[in-house]
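# Structural description and commentary
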Amino acid sequence: MNESEKTNRNLAWGLSWVAYASYYTGRKGFSVAKKSIVDQLGVSTTALGVIDTLFLGAYAVGQFGSGVLGDRVGARRLIGFGMLASAGLCVGFGSAGGAVLFGLFFLLNGFAQSTGWPGTTRTMAEWTTPRDRATVMGFWGTCYQVGGIFAGFFSGWLLGHYGWRAAFYGPALWMTLVAVAVLSWLPRGGARGSSGDNVTPTRAAVRALQWEVVKKRVLWSYGLAYFFIKFIRYSLLFWLPFYLSQVHGHAGDTAAYIAVGFEAGGTVGAICAGLISDRVRVPRGAVAMVFLLGLAGALLLYARYSTPDPWTNAALLALVGAALFGPDSLISGAAAQDAGGPNAAAMATGFVNGVGSLGALLEGLLVPRIADAWGWSALFPVLVVLGLLAALALLPTLRHGRAVG
């Protein structure tokens, strides 16, 4: 790789990292603003759960379409125009005043947000190899933990100083700026990063490759595991600020700050999982399984020792985040990219994330009902069981090596 290619590679890594981190500003505002929306507009928690479900349903469906599209039109246009659409819909949400319009704008935002993961992971697949992919993706995968942290602080600060509507207007402006940067500077990549050549296949060949990837059993195992993982992750992402306000009595902005501990721990977990996966001679699924068993234990600790003290709560959430985001990043990133190969990476990552997003979709329906029927303490044993099911779903992947596809 010459100096020009190294420069393009580093620019692709950095700009795609910033881009996906920025997507989180377009979805995190709602979780931060929920308590204010309930208090000021009288929207019920059930309605909030339905709005979550509309977003996640669109996000799940959009993942499949964006994955196919990303391998055909390229990452730059998919990311850039997807972010611009999400920015406009955030402005619409912040200007609305009732559950129906909230649901409509968040539904459409789900489709816009679904362009992020297939587009950015397509970029990364073009500029990594199976040999170093998990390590690179472990560091790069911190984008959605750091993005969540930044979005939580940013939205919480805007809410505390300017009201809940500002938690949507500020992110819209930021996403617009990043989208312009992506459309202007994200370098085009070929297949060099993964296969050693730069040959671009025809559209018919890409469609055939995508169909072959969809038929791989290992991809379905990753998808099923990710179904359970995303149920857990989005249950915590979407409801932790509300839970901390409702159960422990924290103000809305304080709850948002405490909840950041979850994603802060996730940053460490993602890096560790990637480093381990590239250095031990076991399938990526085996590394993810170990982390998932640790997740079950971390959730039990949180359920037992969670207190109103902000530092204790944040520390326990960091432990949960580390155990969850490690396998989350590994399965949805390096493992899925390996399965997709150089020319179907966006489709493979979109497929795994799409199946996973169906689990996140159920979160919006079930979490409020569990809390209303049995209290918030009942949620954590449910999440423990789902973590164990995710580990079991990865058993068929243990027969495969580190690079599949």
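Residues numbered from 1 in each chain as written. Predicted model: local features only at pLDDT ≥ 70, side-chain atom pairs only at ≥ 80, totals over all residues. Heavy atoms only, no water.

A separate point is the confidence of the model for the protein chain. Mean pLDDT for the protein chain: 87, with 93% of residues reaching 70 or above. By mean pLDDT, helix 10 (residues 192-195) is the weakest element of the protein chain at 44, and helix 9 (residues 166-185) is the strongest at 97. Per-residue pLDDT stays below 50 along residues 191-197; that stretch engages in 21 contacts with residues further than four places along the chain or on separate chains. (pLDDT = per-residue confidence, 0-100. Helix = DSSP H or I, 4+ residues; strand = E, 2+ residues; numbered from the N terminus. Contact = heavy atoms within 4.5 Å.)

Applying the stated rule across the entire model yields 31 aromatic pairs. Ring geometry for Phe 55 against Phe 106: centres 4.5 Å apart, planes inclined by 25°, an arrangement best described as stacked. Taken together, the residues Phe 55 in helix 3 (residues 45-73) and Phe 106 in helix 5 (residues 99-113) connect sequence positions 51 residues apart. A single burial state applies to Phe 55 and to Phe 106, both of which are buried. The interplanar angle of 90° and the centroid separation of 5.5 Å between the aromatic rings of Trp 117 and Tyr 144 together place this pair among those described as edge-to-face. Placement of Trp 117 in helix 6 (residues 116-126) and of Tyr 144 in helix 8 (residues 143-162) is noted, with a sequence separation of 27 residues between them. No difference in accessibility class separates Trp 117 from Tyr 144, as the two residues are buried. Taken together through their ring pairs, the aromatic side chains of Tyr 20, Tyr 23, Tyr 24, Trp 117, Trp 140, Tyr 144, Phe 262 and Phe 325 make up a single cluster. Looking at Arg 27, its charged tip hangs above the ring of Tyr 24, at a distance of 4.3 Å from the centre. Across from the ring centre of Trp 239, 3.7 Å away, lies the NZ or CZ of Lys 34, which sits over that ring. (Phe/Tyr/Trp six-rings, centres within 6.5 Å; stacked < 30°, edge-to-face > 60°. Buried < 20%, exposed > 50% of the residue type's maximum accessible area, 1.4 Å probe, protein only. Lys NZ or Arg CZ within 6 Å of the ring centre and 35° of its normal.)

Our focus in this paragraph is a nonpolar patch on the surface. Taken together, the side chains of Val 18, Phe 150, Leu 173, Trp 174 and Leu 177 define a hydrophobic patch exposed on the protein surface, amounting to about 460 Å² of accessible area. At three residues, the largest contribution of residues to the nonpolar patch is made by helix 9. In this fold, Leu 173 is placed in helix 9. (Patch = residues over 30% accessible without salt bridge, like charges linked within 9 Å, V, L, I, M, F, W, Y side chains within 5 Å. Areas by Shrake-Rupley, 256 points an atom, 1.4 Å probe, with all protein chains shown as cover. Salt bridge = Lys/Arg side-chain N within 4 Å of Asp/Glu carboxyl O.)

Turning to the environment of Ser 22, a few remarks are in order. If you trace the backbone, Ser 22 turns up in helix 1 (residues 3-23). The class of Ser 22 is buried, set by a relative accessible area of 2%. When the C-alpha atoms of Ser 22 and Ala 179 are compared, they prove to be 9.4 Å apart, with 157 residues separating the residues in sequence. Those residues in contact with Ser 22 that sit more than four places away from it in its chain are Met 83, Trp 174, Met 175 and Val 178.

By the definition in use, this model includes nine salt bridges. One salt bridge connects Arg 122 with Glu 126, and the closest N-O pair in it is separated by 2.9 Å. Linking Arg 122 with Glu 126, this pair stays in helix 6, spanning four residues, or about one helical turn. Taken as a pair, Arg 122 and Glu 126 share a single burial class, namely buried. Through salt bridges with shared partners, a single ionic network connects Arg 133, Asp 278, Arg 284 and Asp 338.

Structurally, Arg 27 can be placed in helix 2 (residues 25-41). Here Arg 27 occupies a buried position and makes no salt bridge, while the nearest side chain of opposite charge, Glu 263, is found at 8.7 Å. Of the polar contacts made by the side chain of Arg 27, one reaches the side chain of Gln 113; its length is 2.7 Å. Once residues lying within four places of it in the same chain are set aside, the contact partners of Arg 27 are Tyr 20, Phe 55, Tyr 59, Phe 106, Gln 113 and Tyr 234. (Lys, Arg positive; Asp, Glu negative; His and termini not counted. Polar contact = N/O pair within 3.5 Å; in protein donor to acceptor, adjacent residues only side chain to side chain.)

Attention now goes to the packing of helix 2 against helix 3. The N-to-C vectors of helix 2 and helix 3 enclose an angle of 165°; their axes lie 11 Å apart at closest approach. As the angle between them shows, helix 2 and helix 3 are arranged roughly antiparallel. The handedness of the crossing between helix 2 and helix 3 comes out as right-handed. Between helix 2, through Arg 27, Phe 30, Lys 34, Ile 37 and Val 38, and helix 3, the contact on the second element is made entirely by Leu 48, Ile 51, Asp 52, Phe 55 and Tyr 59. Taken together, the residues of the contact of helix 2 with helix 3 sort by class into seven nonpolar, no polar and three charged. (Axes fitted to C-alpha atoms, helices over the stretch in contact; angles between N-to-C directions. Parallel < 35°, antiparallel > 145°, perpendicular 65-115°, else oblique. Left-handed = near helix turned anticlockwise from the far one by under 90°. Nonpolar A, V, L, I, M, F, W, Y, C, P; charged D, E, K, R; others polar.)

The next thing to look at is the side chain of Ser 235. Topologically, Ser 235 is positioned in helix 12 (residues 217-248). Dropping the residues within four chain positions of it, Ser 235 is found in contact with Lys 230, Leu 240, Glu 363, Val 367 and Leu 383.

A few words now on the nonpolar core. Within the largest apolar cluster, 114 residues are counted, with the highest numbers of intra-cluster contacts made by Ile 37, Phe 262, Tyr 302, Ile 331 and Leu 383. At 18 residues, the largest contribution of residues to this core is made by helix 12. Contacts of Phe 262, omitting those with residues within four sequence positions, involve Arg 233, Leu 236, Leu 237, Leu 240, Leu 317, Ala 318, Val 320, Gly 321, Leu 324 and Phe 325. (Core = buried A, V, L, I, M, F, W, Y, C linked by side-chain atoms within 4.5 Å.)

Examined against the element boundaries, Gly 29 turns out to sit in helix 2. Once the C-alpha coordinates of Gly 29 and Phe 154 are considered, the two residues, 125 residues apart in sequence, prove to be 8.7 Å apart. Here Gly 29 is in contact with Ser 155, Ala 167 and Phe 168, once residues within four sequence places are set aside.

Between helix 14 (residues 284-305) and helix 15 (residues 310-340), the least distance of the axes is 9 Å, while the angle of their chain directions is 160°. One way to sum up the angle between helix 14 and helix 15 is to call them roughly antiparallel. Remark: the crossing between helix 14 and helix 15 carries left-handed chirality. Considered class by class, the residues forming the contact of helix 14 with helix 15 number 22 nonpolar, four polar and two charged.

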